[in-house]
Each structure stands twice: as structure tokens, then as C-alpha cells.
Amino acid sequence: MTVATAGVARPARSHEFRLPRIGWVGVAILLGFATVALVAPALAPYRVGALSGPPLEGPGSAHLLGTNSVGHDLLSQLLSGVRVAMFGAFVAGTGTALVGGAIGLLAGWWGGIVDLVLMRIADVLLVIPRLPLLIVVITYAGTGRGMVALTIALTFWPEAAKVLRVQVLTLRHRTHVTAAMGFGAGAWHSMRRHVLPEVGLVLVAALVAAAGRAVMLQVGLAFLGLDDANRASWGSVMRGALKFQGLFFTRAWVWWLLPPLVAIGLLLAGLTFVGTAVEEWVNPRLARHSIVGRS
Amino acid sequence: MVGLYLLTLLAMVTVVFGLPRALPGDPLVALQDRAGSSAISAETTAHLRSYYALDRPLEYQYRHYLSRLGRGDLGWSISRNVRVTRLIGGHLPWTLLLLGTAFTIAAVLSFLTGVAAAWRRGRPLDRALLVAMTGLRALPPYVLAALLLIVLAVLVPAFPLAGARTPFAAYSSPLGVVGDVGGHLVLPATALSLSLLSTKFLIVRNAMISSLGQDYMVLGRAKGLPVRVLKYRHGGRNALLPFVAAMGAEVGFAVGFSIFVESVFAYPGMGALILRGVETRDYPVLEGAFLVLGALVLILNLGAELVMSRLDPRVAGR
């Protein structure tokens, strides 16, 4: 690493997108999960609700990850869980980032009363304990995975909105934007042409962060019992395991409780790797103190 | 700032009031449909209708609801036929114990590790702490809790598996109670504090790093001040303000995290109450729990605000 000294121009970084190695590891993990999610129905040896064998059978050729106390095949449940988790990451994560991005853009661009009202709402949402709020809303609105994703997006947008708003605020009054407006460019055109390209990376960083939070919430809500009863998820497998009184008196926890934990850990590790790498793109000054070595 | 908290309180109350009424149909129909096996008789429906003033205009209902809340009436539990306030009264102390313990541990640990990491920034200790904290940040609290449970209650049976005290235990002395409750508290509190550590660590570390380059630090060093004084009294003190701000901002998350951790350890706090409420679709219990936890978070936020204005009078003027 070189120390930038006065008079030595730093190389332009804005168009040189080199993802640190750890970012590629993360991308590989995410792609792996996405592939599994797509082919999961073909891979799953049994239907999720099928009584496929004797209860609490250890891993074997008939059941690669054994069965639970009822006799459900746990590998099939875990594969179904991959789909639920990836749905959370994509739909809830993207939804959160889109809602947050749009609100941040609006607030930062128009300022004034729009900004004031939107940011007050954001502040209120940031103070409220949002998990209990989610629980109350979802018990009323329904526990389908689409509804859960929507509720997550509508409660967790303030983080993304705040980041975007600050970015837009600093761009709004730059001379090139003012000049474009002076030549008669409309708000929509200037936003698309001059603001969006600049905030693109920030939006990506917000998206990755939102996806991680969404997975944590979608699986966590399933763990609390707020999920689609017909669709097994990592959370519901964990709930079933921990609710089973004799779990720790046998070795059942090894194939029942441990696999969903490992799966969540791996997926979130992938998202964190990608997030750390993107974060570095956005803010190269971080690199000096981050966990990612300079390549 | 107090205005924001009042607004937030009003928003929470309005959501709880509006949600069942915004959905299509009658709130009592929703209640009947979801309540499962216990069908509600016509007299009960009529009684509930007048109790919640559902036969009156919406605006009257809202005022009626607010005055009910003002009197501390959170309604009756559907599944257990007890006042919601009584249920909460039984569960809240455990959550307060868990949250208080975990918050204290997390605060002390994150401050010490943050200062230590900044002091040796770029060195092995700093890098190790950063990796560890990033890992803790990535893992959801229920995963951390389950892993702790497996390692320290199953593989090495050092701590109890679940609950907050040994059932049917006869204590010989008050000390026995403390020991039993404390032993049951160790794992949940550790899990919760581990998931609350990382944000504050990063904030303290960054604030500390920016204060390390200041002139007064150089002067302090030139004066020959002991390292401890330099580290905590001159450097660390400047990290206190963002640190307290982060604690305030984190309270809401901490409450949510504690619900997850409690469900893993079957700890009898608000999380357990909410879990049972979800299973039985006990709306009044869920709403009451949300309002009480929300009020708790608001009070703690206000507390953080007051501490901050003590630490730095300029904050109060904002």
C-alpha cells in the first residue's frame, strides 16, 4: 500500500471495479445456494410433509440427513428451506432496498416538507422495536412468504433510505446537476442521468445489507412459528427440533438441529463476504482498516 | 427530541388500533376465524363488541381505546382468559433481567475491545477482533444461541439446557435462588450480549482511531502520562458520545434479539409470551407485548439522550 502524498494524484477508482478475493468467495456461495434453490424440487428425495420413514432415524442411505420425530425426511425439509431463505434474500431484500432507495431519492431530491415528513417516518420506524411490530402485523396480515417479504420491506427500509438520501443530497447541488437543470433538464431526467449512476454502488451495498437482514428475519420469523405451514424452512426445522423434548437425550440434534444452523451460517457468510467487498468499492478509505487484505 | 418519542408512541398505538380495523371484515370475525377450536358464542361476541366499543363510530373507538390504554388496560388474553397486563407482569421481569445483564456485558466488553483494537490498529489483535466481530455481526442471534446451547449445555454440560430456574427446586437459602437463576441466565445472556457486541465495538474503535491522531494525545504522551490514562481518560472518553448514541439506537434491536434468544432457551420472558401468543393467535397479548416493549425502548432511548446531553451539553442544544 502506498501513502498518497500531496501532488501525487490518486488513480481514478470510479471505473475500476475489482472485487477483492473474498467477494468472489461470497459470490460463489450465493450462486451455489441460488442453484440449489432452483433445482431443489428435483433434488429432494421426498415430499416435505411425507411420512417417509421411522421417526428419529439417523443419517443413512434412505435418509441422507435422517428423519425428525415424526418421520419427515430432513434433507427434503432443508432443501425446501433453501428456497424459502433465497426467496427472503431476493424478494424481501430487493424490496427493502427498492422501497428505501426510492424514498431516499425522493427525500434527498425534493428536500423541504417531503424530506421532513419521510425522514420523520423513518425515525419513528428506527426507534420502534421492529421485530415485535413485524410479529403483530404478520399475525394479522397472514404468514405467506410473499406477505412476510412485503412486511419486511415496509418496516426495514429506513436504513437504505437514510444512506441514499445523504448521497443524493450531496449530488443535488453539484454544479453539473445545476447546469443540466439550467439547460432545462427535468427532475426525472437529471435524476436518471446524473444521480442514479453515482449512487448505483451505494444502492448495491444497501441491497446486500438488506438481503442479509431479510434472510435473518424470514428464517427467524419461521423459527417463531410465523411461516407458511406447508413449506418447510430452516426456521421451522429449528423450531421443531428445539420443541422436541428429548432432542438432547439422543444424538438426534446432530442431524436435526445442526444442519439448518450450518446452512444459515453459510448463506449469511456469503452475503457478508460480498457485502464487505462491495463496501470497499463504495468507500476505499475503509480498506486500510478492514478485514480484507489488499490484493 | 421528546417530540419524536411522543410521535413514535402515537404511531405504535395507532398501528395497533388501526391494523385489525383496516383489514376487511369485522375484527371479531377475524378473531373467531383464527381462534381455532374455541368458537365464540353470540353473547361473548356482543359483550366484546361493547367492551371494545365496536358499535360506535371510529373516532369514538379511538378515544375509547386511548383512554383504556391510559388506564393501563391492555385487554384480556383470548387463550388464557387473564388480563394481558397480568401476563406481562409475570414475564417482563425475566426479560428485563436478561436484557439488563446482556446489555451491561456487551457495553463493557465492546468498549474495552474497541479501545484495545484502536490502540493497536492494523496489528494482529486488531485484525483478529475485526474478523471475530464481523462474524458475530453476520450470525443471527438465534443461531448464536443455538450454537452456545450445543457447545456449553450439551457437549460440555456446564449450564442448564432451558428455563430460568430449576422446576420444583427447594432452595435452602436465598443464595441458592440467586445461584440457580444466575446459572440459568449465563447462556442466554452470553448469546444476547455476543450479538449486541459488534456494532458498538466498531463505533468505539473508529471514534478512538480518529482521536488518537489529535494533538492532545501527542502532548499527553510527551508529558509522560501513563498509557492507561492516555488510553481511557484522553482517548476513550471521546468515544463515549457515539458509544452511548449507538446504545440508544440499538435498544430496539436488542428487544427483538431477546425474543429470538428466549425462544431458543425456553426462557420465560416476553419472548415466551409472544411465542405462545403467536401459537394461539392471541392478538391482545401480542399487541400488549408490542406496546410494552415499545414503551420500554422509548424510555431507554430517552435515557440515552439524557446521558448524552450530560456528556456533551452541545447535544442538548440541537
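Once a new chain begins, its residue numbering starts again from 1 and follows that chain's sequence as written. In the order they appear in the text, chains get letters beginning with A and ligands get numbers beginning with 1. For this predicted model, a pLDDT threshold of at least 70 governs which residues receive local features, and a threshold of 80 or more governs which side-chain atom pairs are given and counted, while totals over whole chains, interfaces and linings are taken from all residues.

Asker: For the overall build of chain B, give the residues involved together with the corresponding values.
Answerer: Secondary structure follows DSSP: runs of H or I at least 4 residues long count as helices, runs of E at least 2 residues long count as strands, and numbering of each begins at the N terminus. Counting its secondary structure elements, chain B contains 14 helices and zero strands. Secondary structure elements of chain B, listed N to C terminal, follow the sequence α-α-α-α-α-α-α-α-α-α-α-α-α-α. Each principal axis of the C-alpha distribution contributes one length, and for chain B these read about 85 × 50 × 35 Å. Exposed residues have 12 or fewer other C-beta atoms within 10 Å of their own C-beta, buried residues have 20 or more, and residues in between are partly exposed; the C-beta atoms are placed from the backbone. Counting every position in chain B, which comprises 318 residues, the buried fraction comes to 35%. Contact criterion: two residues are in contact if their C-beta atoms, reconstructed from the backbone, are within 7 Å. At a minimum sequence separation of 6, the contacts of chain B that also span at least 24 residues come to 73%.

Asker: So what's going on with the environment of A:Ala179? Residues and values would help.
Answerer: All names here are of chain A. Along the chain, the position of Ala179 falls in helix H7 (residues 175-182). Classification of Ala179 as exposed rests on a count of 12 C-beta atoms within 10 Å. Counting along the chain gives 110 residues from Ala179 to Ser69, while the straight-line C-alpha distance between them is 69 Å.

Asker: Lay out the interface of chain A and chain B in plain terms, naming residues and giving numbers.
Answerer: Each partner contributes to the interface: chain A provides 34 residues, whereas chain B provides 46 residues. Where the side of chain A that touches chain B is concerned, the elements lending two or more residues are helix H3 (112-127), helix H4 (130-141), helix H8 (187-223), helix H9 (234-243) and helix H11 (258-282) of chain A. The biggest single contributor to the side of chain A that touches chain B is H4(A), with nine residues. Within the side of chain A that touches chain B, the residues separate by chemical class into 25 nonpolar, six polar and three charged. Under the convention adopted here, Pro, Cys and the residues Ala, Val, Leu, Ile, Met, Phe, Trp and Tyr are nonpolar, Asp, Glu, Lys and Arg are charged, and Gly plus all remaining residues are polar.

Asker: Would you mind going over the packing of helix H7 (residues 141-155) of chain B against helix H11 (residues 227-265) of chain B in detail, with residue names and values included?
Answerer: All names here are of chain B. The interhelical angle for the contact between H7 and H11, taken along N-to-C directions, is 30°, at an axis separation of 8 Å. By the angle between their axes, H7 is roughly parallel relative to H11. Seen from above, H7 lies across H11 with right-handed handedness. Together, Pro141, Tyr142, Ala145, Ala146 and Leu149 of H7 and Phe257, Phe260, Val261, Val264 and Phe265 of H11 make up the contact between the two elements. Here the residues of the contact of H7 with H11 are counted per class, giving 10 nonpolar, no polar and no charged. Helix axes use the C-alpha atoms of the stretch in contact, all axes being lines fitted to C-alpha atoms, and the angles between their N-to-C directions lie in the range 0 to 180 degrees. Any angle from 65 to 115 degrees is called roughly perpendicular, while one under 35 is roughly parallel, one over 145 is roughly antiparallel, and all others are oblique. Here a crossing is called left-handed whenever its near helix is offset anticlockwise from the far helix by less than a right angle, and right-handed whenever the offset is clockwise.

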